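Structure at a glance
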Amino acid sequence: GMIIVAQDLRVPRFTPLAVRVFALVDADLGHPLLSAPTTLAIPGLDVALSEVVGGAERQSIQVGDSSVSYLVQVLPYLGVDGRRLGAIITLTDVTEMVALRTTAEDALVELQATSELLARQAAFDSLTGLLNRGYFSDALENEIARAIRSGGQLALAWIDLDRFKEVNDEYGHASGDVTLRTMGERIVSVVRATDVVGRLGGDEIGVIIAGFETAAELDSVLERLVETLRQPVAVEGMETRVSGSIGVALYPDDAQTPKDLLRAADAAMYDIKKRAGDGIAFFTQSMNDAAGERRHMRAAIAAAIDRGEFELHYQPIVDAVTDALWGVEALVRWRRAGELVPACDFVPFCEE
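Summarised in this report is the structure supplied together with it. (Residues numbered from 1 in each chain as written. Predicted model: local features only at pLDDT ≥ 70, side-chain atom pairs only at ≥ 80, totals over all residues. Heavy atoms only, no water.)

Once that is clear, we can look at the sheet that holds strand S5 (residues 84-93). In spatial order, the strands read S2-S1-S5-S4-S3; together these five strands make up an open sheet with antiparallel pairing. What marks the edges here is a single partner per strand, and that holds for strand S2 (13-14) and strand S3 (59-64). Contacting strand S1 (2-6), S3, strand S4 (69-78) and S5, helix H1 (residues 45-53) crosses the sheet at an angle of about 140 degrees to S5. (Pairing = 2+ DSSP bridges. Helix = DSSP H or I, 4+ residues; strand = E, 2+ residues; numbered from the N terminus. Contact = heavy atoms within 4.5 Å. Axes fitted to C-alpha atoms, helices over the stretch in contact; angles between N-to-C directions.)

Let us now look at the environment of Leu-262. With respect to the helices and strands, Leu-262 occurs in helix H8 (residues 258-274). Through-space distance from the C-alpha of Leu-262 to that of Phe-124 is 19 Å; in sequence the pair is 138 residues apart. Not counting residues up to four positions away in its chain, the partners in contact with Leu-262 are Phe-136, Ser-137, Leu-140, Leu-156 and Trp-158.

Helix length check: helix H4 (residues 133-150) (18 residues) gives 25 Å between terminal C-alpha atoms against 26 Å at 1.5 Å per residue, within 8%. Those residues of H4 that fall on the buried side of the exposure criterion are Tyr-135, Phe-136, Ala-139, Leu-140, Glu-143, Ile-144 and Ala-147. Gly-151 sits one or two positions beyond H4 and adopts a positive phi of about 75 degrees. (Expected span 1.5 Å × (residues − 1). Buried < 20%, exposed > 50% of the residue type's maximum accessible area, 1.4 Å probe, protein only.)

With that out of the way, let us pick up the sheet that holds strand S11 (residues 243-251). Spatially, five strands are ordered S7-S8-S6-S11-S12 in an open sheet, and the strand pairing comes out mixed. If you trace the sheet from one side to the other, it starts and ends with strand S7 (196-201) and strand S12 (279-282), each paired once. Recorded for the sheet is a direction-independent mean angle of 25 degrees between the axes of neighbouring strands. As paired strands, strand S6 (residues 154-162) and S11 are joined by nine bridges and run antiparallel to one another. Residue pairing in the sheet places Leu-156 in a bridge with Ala-249 of S11. Running at roughly 5 degrees to strand S8 (residues 204-210), helix H6 (residues 173-190) makes contact with S6, S7 and S8 of the sheet.

This is how it looks when you write it as C-alpha cells:
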C-alpha cells in the first residue's frame, strides 16, 4: 500500500492496499492523514511524518499484532526540481519475514531500497522526472473534485513540442532526450507552485492550472510557457530549437470529467498545431477571440506607454452647497491617433 501526503499532512492520493492499515475512503482525500483511524497502532508516525516533511531522510516503523506485521516507511516526496513536497508512506506486509527473524534483517535492507525505487517509479516518468500519465490523470481528477467543492475553475494545458521529430532525426535520440528533459524542467520553473506538470506521452506534456482568479492570470502562465519553450537548448556544443503548441480546455466550461477535459485540450492543441504551432489555442472560438483581444490590448498598452500616449486630466470636485472648489479627481486618458480611447475599453484591463 502507498499513501502520499502533502506538507500539511493532508492526503491527495492513496492506493487500495493502504486500507489494510489506514481506514481511508475517498471522502478522506484532502483531509489530514493523522485524523484517519488505523487497524493497527503506529507509534511515532506523527513524529516520523513531521521529520521527513521537515527535511529528514527515510523513517521506518514496524507494527503488528499476533497475526500480521507491517513495515511502515516514510519517504521524502520530492518534486522534479528537488523541492520537498511532502512524504510518501509505503506499507509492506512483512509477516513472513518477522517469522523468519534470522534472515529478516538482510531482507529488510533490500526491501527498503526496492520500496523507494518502486514508489518513485509508480508516480514519475523516468526520463523527465515529471508525473507520469496515470498519476497526472489522478491529480486532474483530484483538482476537479476540489473545484467542485470550491465552485472554482481550472485550466488544462496540453503541450506538444513543435519540430521535436526533426531534433531526433538530425541530432539523434540522445539529444532528443536532453531536449525533452530540459523542456520539462523549464516548464516546471515557470508555472506556479500550485500547478501540476506531467508527461502525457512522447513529446507531450500536460499542465493543470487551478485557482486562478482572472483570465489575465491564466494568460500570464500560458505566455510564460510559450516563451520558455522558444528558448534554444544546448546539446553537445550545438543548439536545438523547438517551440510549443499549447491547447487549453477549461473546467467546467468545456468539459466536466478528466477524460473529456483531456480530449478537449488535445483537440485545441491540434488546432494550433495545424496553424504552424508556436502558440496557444483554446477549445472554444469565443475563448480564442477573448484571449486574442487581451493579447492585442496588452501590446497596444505597452506601445502607448513607450509613445507617451497616456495623459492625466484633472476634473474639479465642487461643494454642491457652497459652490466652492473642494478638490480634483485625477483621471488617466489614452490619446491614440489624436482621439481619446473610452476609459471602459482599457481601464478594466489595466486593473486586471
